[in-house]
Amino acid sequence: MTVDAALAPSTLPYQFPDFAAFAGLDWAAAFDEAFARHRAEVEEIAASDEPATFANTVEALERAGRELARVTAVFASLTSTDTTDELEKAQTRIWPRYSAHEDAIHLDARLFARIDAVYAARENVDPEARRLVERYHLRFTRSGAGLDAAGQARLTELNTELSTLVTRFQQYALAETNGSAVWFDDAADLAGLGDDALAAARAAAEADGRTGYKLALGYPTDQPLIARLAVRESRRRLLEAALARGSRGGDTDTRALIARIAALRAERAALFGYPNHAAYAIADQTAGTAEAASAMLTRLAAPAVANARAELAELEEIAGHPIETWDWAYYARIAAARAEAGGDGVVLDPSEYLELDAVVTRGAFHAAHLLYGLAFAERTDLPLHHPDARAWEVRGEDGTTIGLFVGDYFARPSKRGGAWMTSFVDQSELLGTLPVVINVCNFVKPVGDKPSLLSVDEATTVFHEFGHALHGLLSRVRYPFFSGTAVPRDFVEFPSQFNEMWLTWPDVLDNFARHHETGAQLPLELRARLTSHDTRGEGFATVEYLAAAVIDLAWHTIAPGTTVDDVDAFERAALDAAGLYLPQLPSRYRGPYFSHIFSGGYGAGYYSYIWSEVLDADAASWFAANGGATRANGERLRATVLSRGGSVDAQEAYRAFRGADPDIAPLLARRGLG
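### Regarding the environment of Gly659
Argument step 1. Relative to the elements of secondary structure, Gly659 occurs in the loop between α25 (650-658) and α26 (665-670).
Argument step 2. Sequence spacing of Gly659 and Ala279 is 380 residues, and the spatial spacing of their C-alpha atoms is 30 Å.

Okay, here's the thing in structure tokens:
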């Protein structure tokens with residue numbers, strides 16, 4: 001594809017990117033041209049002799065940079081979902097240049113003077129336009145427009161180096177995860193795994209040209225297969241491999257890298273007068289201050305640890321020996337099975353009833369139909385980025401087109417770990433665009449014609465990420481700045497976490513939870529187990545999450561000039577200070593492979609999951625008390641929250657939906673902390 005063709009609007013439905021045509025593109029040249037075109041547009045705005053108005057300044061900036069937005073969406077998707085050596089090399093050149101390009105715009109004194117003039121007269125425009133002016137003014141201020149020349153020069157240096165290091169961390173983290181797979185020669189070492197899991201492990205080894213069995217690592221610390229592995233030594237090997245990522249001392253060791261990233265972020269915050277990066281980052285979130293975010297974590301820590309210790313005592317009684325980190329998930333599954341077994345002592349496996357396609361199309365899609373009247377029709381005519389991906393056209397109940405949804409669910413070595421949602425095209429009335437969004441996950445791909453069977457946690461991930469997708473699909477804003485998930489980090493997880501409740505809602509669960517071979521409905525004991533609100537295991541779940549959130553804040557509350565030399569000691573001290581260190585219970589992530597905070601945009605923001613869960617639990621309580629998954633209830637949430645994106649204050653949006661401020665009590669009850 002030529003550079004001009006890559007930058008041109010797609011002729012496919014919904015302006016869907018023509019991935020099939022991007023092979024062989026000189027990405028650096030494409031970005032250079034996109035930067036140049038965007039700079040020319042911005043220069044015309046900044047150099048105008050006309051008095052600054054909303055239309056010729058702020059709205060004009062919203063229209064500018066469309067070529068850059070298009071090529072960035074495709075490049076970012078490919079480097080995350082199907083990267084190559086060539087793409088990784090291109091990243092190292094492109095992202096620092098991208099950072100410098102943005103700095104040049106934000107630090108243009110002429111442009112900021114025009115924005116400042118529009119800001120002074122912002123009462124003369126409609127509410128959404130006024131909010132856009134305010135957000136532009138704040139973005140430019142927080143990007144250094146008010147700094148002196150020396151400060152701006154140093155800011156540009158910091159941003160450029162950070163862009164380089166963040167890209168390097170993403171590449172190293174992927175290499176560490178791919179390079180830390182655990183190999184087994186004997187199937188006996190994998191006792192406890194089902195036939196499908198064994199076949200997948202054998203196929204993974206064969207794909208690497210080896211015999212035996214390969215267990216690839218999932219992204220969090222705790223590996224799902226540990227709960228199944230009956231051989232204790234096998235569990236130990238798998239968990240220790242997960243914990244060692246980024247700390248093995250090779251070329252892709254990330255410890256010095258994350259220490260440098262944290263130090264540079266602290267120095268950048270100081271340029272703006274903040275004591276640390278967390279203070280700077282959270283000032284523009286709903287929490288407002290790092291102290292408020294930390295107070296939330298502290299409030300939950302003590303009762304969560306007490307619950308976890310009680311769970312530990314039960315597990316040690318079952319095991320008959322002290323529990324190590326690699327034992328917890330295995331014996332927790334046994335404890336749950338004993339508690340839930342029927343009179344015949346037979347424990348059914350929920351995954352037999354959680355087939356991926358059914359969870360997506362008859363589960364998540366069905367819930368969206370009940371709540372929002374959406375209908376999904378698969379499109380097989382679009383050139384997707386990978387053969388594993390699928391696309392669906394989304395329409396409203398009156399047949400109106402809503403947008404496109406893409407699902408890319410299977411793990412592969414070229415895909416970064418974790419699960420996420422992003423957009424290829426943002427909804428905007430100004431630009432006349434409908435949303436094109438994608439969910440990406442990392443489930444094990446089945447072998448041959450076997451179906452993909454999910455754990456309950458994995459099925460929950462499908463609903464979670466689809467909640468983000470709905471936030472993008474149902475957006476109805478004028479300006480792309482506000483589209484979909486363009487909301488504060490500690491609010492963006494509310495729609496996604498809330499959407500998880502429909503996984504176990506009876507009308508939804510009964511529609512998709514069928515045995516993958518027989519089609520039989522979910523047995524009553526399993527149905528009761530999934531729909532109950534048992535707090536078993538919440539001690540573990542809450543502590544492992546809180547520990548990760550505390551590690552995040554620890555890294556991002558270091559003072560400028562601080563150098564962290566011993567990563568393990570630093571993180572251990574943070575957990576000790578928060579009262580969250582349990583040797584048998586690892587943090588969900590450790591810094592060396594914590595991509596959320598070092599390359600995923602969640603730096604000083606991992607607390608947002610629990611902050612948003614206050615809203616999620618409160619909203620779930622409201623839905624349960626008001627009829628559940630009805631069109632009227634869905635329309636209320638859609639009208640007040642999902643359609644508004646960032647065009648209104650997040651807390652005001654929630655109050656418009658709920659009619660009151662959120663109550664923390666439902667969260668405490670859900671997690672057994674009340």
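Having put the structure on the table, let's press on.
### Examining the nonpolar core
Argument step 1. The biggest cluster of nonpolar side chains holds 133 residues, and the ones touching the most others in it are Tyr372, Phe405, Trp502, Phe512 and Trp555.
Argument step 2. Among residues more than four places away in sequence, those in contact with Phe512 are Tyr353, Leu354, Ala358, Val359, Arg362, Gly363, Phe463 and Leu503.
Argument step 3. Phe16, Phe19, Ala30 and Val406 belong to the second largest nonpolar core, which has 34 residues in total.

### Considerations on the packing of aromatic side chains
Argument step 1. Evaluated as defined, the whole model comprises 52 aromatic pairs.
Argument step 2. Note on Phe31 and Phe35: the rings are 5.9 Å apart at their centroids and 50° apart in plane angle, and the pair reads as tilted. One end of the pair is Phe31 and the other is Phe35, both in helix α2 (residues 27-46) and four residues apart, which spans about a single turn.
Argument step 3. Classification of Phe35 as buried rests on a relative accessible area of 2%.
Argument step 4. Residues Tyr545 and Tyr606 carry aromatic rings whose centres are separated by 5.5 Å and whose planes lie at 35° to one another, so their mutual orientation is tilted. Separated by 61 residues along the polypeptide, Tyr545 in helix α20 (residues 538-556) and Tyr606 in the loop between α22 (595-598) and α23 (608-625) bring together distant segments of the chain. One exposure class covers both Tyr545 and Tyr606, and it is buried.

### Considerations on the pairing of strand β4 (residues 390-395)
Residues in a regular strand project their side chains so that they alternate between the two faces of the sheet.
Argument step 1. Pairing of strand β3 (residues 375-379) with β4, which is carried by five bridges, proceeds in the antiparallel orientation. Each bridged residue has a counterpart across the sheet, and for Ala377 the counterpart in β4 is Glu393.
Argument step 2. Two elements, β4 and strand β5 (residues 401-410), share six bridges in a ladder whose sense is antiparallel. Residue pairing across strands places Trp392 opposite Phe405, the latter belonging to β5.
Argument step 3. In this structure, the hairpin formed by β4 and β5 is closed by a connection of five residues, where Gly399 is found at a positive phi of approximately 90°.

### Focus: the packing of helix α15 (residues 356-372) against helix α16 (residues 456-473)
Argument step 1. Two elements in contact, α15 and α16, have axes separated by 10 Å at closest approach and are oriented at 45°. Classified by the angle between their axes, α15 and α16 sit oblique to one another. Handedness of the crossing formed by α15 with α16: right-handed. Here Leu356, Val359, Val360, Gly363, Ala364, Phe365, Ala367, Ala368 and Tyr372 of α15 lie close against α16, whose contacting residues are Ala459, Val462, Phe463, Phe466 and Leu470.
Argument step 2. Taken together, the residues that form the contact of α15 with α16 break down as 13 nonpolar, one polar and no charged.

### What to know about the pattern of salt bridges
Argument step 1. Using the criterion set out here, one finds 45 salt bridges in the structure.
Argument step 2. The residue Arg154 makes a salt bridge to Glu267 at a minimum N-O spacing of 2.7 Å. Highlighted residues: Arg154 in helix α8 (residues 149-179) and Glu267 in helix α11 (residues 255-271), separated in sequence by 113 residues.
Argument step 3. Across the pair Asp349 and Arg228 runs a salt bridge whose closest N-O atoms are separated by 3.4 Å. Of the two residues, Asp349 sits in the loop between α14 (328-340) and α15 while Arg228 sits in the loop between β2 (213-215) and α10 (232-244), which places them 121 residues apart along the sequence.
Argument step 4. Look at Asp349 and you get partly exposed, because its relative accessible area is 24%.

Rules used throughout
- Residues numbered from 1 in each chain as written.
- Predicted model: local features only at pLDDT ≥ 70, side-chain atom pairs only at ≥ 80, totals over all residues.
- Heavy atoms only, no water.
- Helix = DSSP H or I, 4+ residues; strand = E, 2+ residues; numbered from the N terminus.
- Core = buried A, V, L, I, M, F, W, Y, C linked by side-chain atoms within 4.5 Å.
- Buried < 20%, exposed > 50% of the residue type's maximum accessible area, 1.4 Å probe, protein only.
- Contact = heavy atoms within 4.5 Å.
- Phe/Tyr/Trp six-rings, centres within 6.5 Å; stacked < 30°, edge-to-face > 60°.
- Pairing = 2+ DSSP bridges.
- Axes fitted to C-alpha atoms, helices over the stretch in contact; angles between N-to-C directions.
- Parallel < 35°, antiparallel > 145°, perpendicular 65-115°, else oblique.
- Left-handed = near helix turned anticlockwise from the far one by under 90°.
- Nonpolar A, V, L, I, M, F, W, Y, C, P; charged D, E, K, R; others polar.
- Salt bridge = Lys/Arg side-chain N within 4 Å of Asp/Glu carboxyl O.

Honestly, it's all geometry; don't read function into it.
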